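Spelled out from the first residue to the last, the chains are:
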Amino acid sequence: QSNTNLSAIVVVDECTLEQHRTIQSAFSAHSNRISIVTISNAFGSVPAPTVIYTINGLEKSILKQLLVDEFSLATEVCDRLAGFADGYPGIAVLLAKNYASSGVSQDEFIRLDDQALINRLISGDGNTSTDTFRQTKKVLMALALFSKVGYRDKPIEELRWLCSYF
């Protein structure tokens, strides 16, 4: 555009280092009116003028206070959720909402093991006997495997395996 008053911010989530380099080289020479934010969990070097920000999870005490303030839950429940969520407020909030709507006693909820909490995240209500739950869990387990182990440049073989798995 010829209008110098216009500017843009482009946000690319799940961006690989290679994609970041391609996007950066494509736009950096053309305009200083375009800012690019790429989000990734991949670590590596990126060309200047890229600024890297590392976002860490919330400290347990801060996450616990957030749960107390937002949900008025008992300290023991907030402590359990903050410990399980490991700094990720979205996980803590989902489980806090689950607890608030579940009718489960405080003592019963804080005694749930990690697998039971994971099941509550997947199912929404802890019901692990539905086909939807089983299929969702299988997909999440396969995706977690690829995230941990990795995949080739174009994950065609992995996608075929994933499709045949279900």
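For the structure itself, look to the data block above.
What counts and what doesn't
Each chain carries its own residue numbering, running from 1 in the written order of its sequence. Local features in this predicted model are restricted to residues of pLDDT 70 or higher, and side-chain atom pairs are both shown and tallied only at a pLDDT of 80 or more, whereas totals for entire chains, interfaces and linings draw on every residue. No hydrogens and no water enter the side-chain calculation; it runs on all heavy atoms of the structure. Here a helix means four or more residues in a row that DSSP labels H or I, a strand means two or more in a row labelled E, and each is numbered from the N terminus. Each residue is assigned to one of three classes by its accessible area relative to the maximum for its type, calculated with a 1.4 Å probe on protein chains only: buried under 20%, partly exposed between the two thresholds, exposed over 50%. Working rule for contacts: check all heavy atoms of both residues, and any pair within 4.5 Å makes them a contact. Only the protein chains shown count as covering a residue, and every accessible area follows the Shrake-Rupley method with a 1.4 Å probe. Nonpolar side chains (Val, Leu, Ile, Met, Phe, Trp, Tyr) within 5 Å and like charges within 9 Å form the patches, drawn only from residues with over 30% relative accessible area and no salt bridge. We define a salt bridge as a contact between a side-chain nitrogen of Lys or Arg and a carboxyl oxygen of Asp or Glu at a distance within 4 Å. For Phe, Tyr and Trp, where Trp contributes only its six-membered ring, two rings pair if their centres lie within 6.5 Å, and the inter-plane angle classes them as stacked under 30 degrees, edge-to-face over 60, or tilted in between. To qualify as a nonpolar core, a set must consist of buried Ala, Val, Leu, Ile, Met, Phe, Trp, Tyr and Cys residues joined through side-chain atoms within 4.5 Å. Neither His nor the chain ends is counted toward charge; the positive residues are Lys and Arg and the negative residues Asp and Glu. Angular values range over 0 to 180 degrees, each being the angle between N-to-C directions of two axes fitted as lines to C-alpha atoms, with helices fitted over their stretch in contact. In this scheme the crossing of two helices becomes right-handed for a clockwise turn of the near helix relative to the far one and left-handed for an anticlockwise turn of less than a right angle. Following the grouping adopted for this structure description, the nonpolar residues are Ala, Val, Leu, Ile, Met, Phe, Trp, Tyr, Cys and Pro, the charged ones are Asp, Glu, Lys and Arg, and the polar ones are all others, Gly among them. Whenever two N or O atoms come within 3.5 Å, that pair is a polar contact, provided that in protein one can donate a hydrogen and the other can accept it, and provided that, for residues adjacent in sequence, both atoms are side-chain atoms.

Q: I'm lost on the overall build of the protein in this one. Help?
A: Along its length, the protein carries eight helices and two strands. Start at the N end of the protein and walk to the C end: the helices and strands fall as β-α-β-α-α-α-α-α-α-α. For the protein, with 166 residues in total, the buried portion stands at 19%. For the protein, the share of sequence-separated contacts (at least 6 apart) that also reach a separation of at least 24 residues comes to 52%. Here the protein displays about 11,900 Å² of accessible surface, and carbon together with sulfur accounts for 54% of that area.

Q: I'm lost on a nonpolar patch on the surface in this one. Help?
A: Among the surface-exposed residues, Ile9, Val11, Val37 and Ile39 lie close enough to one another that they form a single nonpolar patch of about 360 Å² accessible area. Summarising the element assignment, Ile39 is placed in the loop between β2 (34-38) and α2 (60-71). Residue classification places Ile39 among the partly exposed residues on the basis of a relative accessible area of 39%.

Q: Where do I start with the packing of aromatic side chains in this structure?
A: Think of a pair of aromatic rings as described by two things: how far the centres are apart, and how the planes are tilted against each other in angle. Throughout the structure, instances matching the rule amount to one aromatic pair. Relative to Phe109, the ring of Tyr99 lies with its centre 4.7 Å away and its plane at 50°, an arrangement referred to as tilted. Taken together, the residues Tyr99 in helix α4 (residues 89-102) and Phe109 in helix α5 (residues 106-110) connect sequence positions 10 residues apart. Here Tyr99 matches Phe109 in class, with each residue buried.

Q: Before we go on, may I ask you to explain unusual backbone geometry in this structure?
A: With the exception of glycine, most residues fall at negative phi, and the peptide bonds are largely trans. Non-glycine residue Ser72 carries a positive phi angle of around 50°. Of note in this structure, Asp86 is not a glycine but carries a positive phi near 50°. For Asp86, the position within the fold is in the loop between α3 (75-85) and α4. A relative accessible area of 58% places Asp86 in the exposed class.

Q: Any chance you could explain the nonpolar core here in plain terms?
A: Side chains of nonpolar character tend, in soluble globular proteins, to be buried together. Ranked by internal contacts, the top residues of the largest apolar core, which has 17 residues, are Leu67, Leu73, Val77, Leu81, Phe109 and Leu117. A per-element tally of this core places α3 first, with six residues. Non-local contacts of Leu81, meaning those with residues more than four positions away in its chain, are made with Leu67, Leu73, Ala92, Leu95, Ala96 and Phe109.

Q: Which parts of the structure should I look at to understand the side chain of Arg120?
A: Here Arg120 is to be found in helix α6 (residues 114-123). For Arg120, which is buried and forms no salt bridge, the nearest opposite charge comes from Glu108, at a distance of 5.9 Å. In this structure, Arg120 is in contact with Leu95, Asn98, Ser102, Val104, Phe109, Leu112, Asp125 and Gly126, ignoring residues within four places of it in sequence.

Q: Before we go on, may I ask you to explain the packing of α2 against α4 in this structure?
A: Think of two packed helices as two axes; the pair is described by the angle between the axes and how far apart they sit. At a minimum axis separation of 11 Å, α2 and α4 run at an interaxial angle of 40°. In terms of crossing hand, the pair formed by α2 and α4 is right-handed. On α4, the residues touching Leu63, Leu66, Leu67 and Phe71 of α2 are Pro89, Ala92, Val93, Ala96 and Lys97. Here the contact of α2 with α4 is built from residues that sort into eight nonpolar, no polar and one charged.

Q: Help me out: how do you make sense of the side chain of Asn119 in this one?
A: Within the fold, Asn119 resides in helix α6. Here Lys137 takes part through its side chain, which lies 3.3 Å from a polar atom of the side chain of Asn119. Residues within four places of Asn119 in sequence aside, it is in contact with Gly124, Thr128, Phe133 and Lys137.

The values reported here are purely geometric and, on their own, carry no functional implication.
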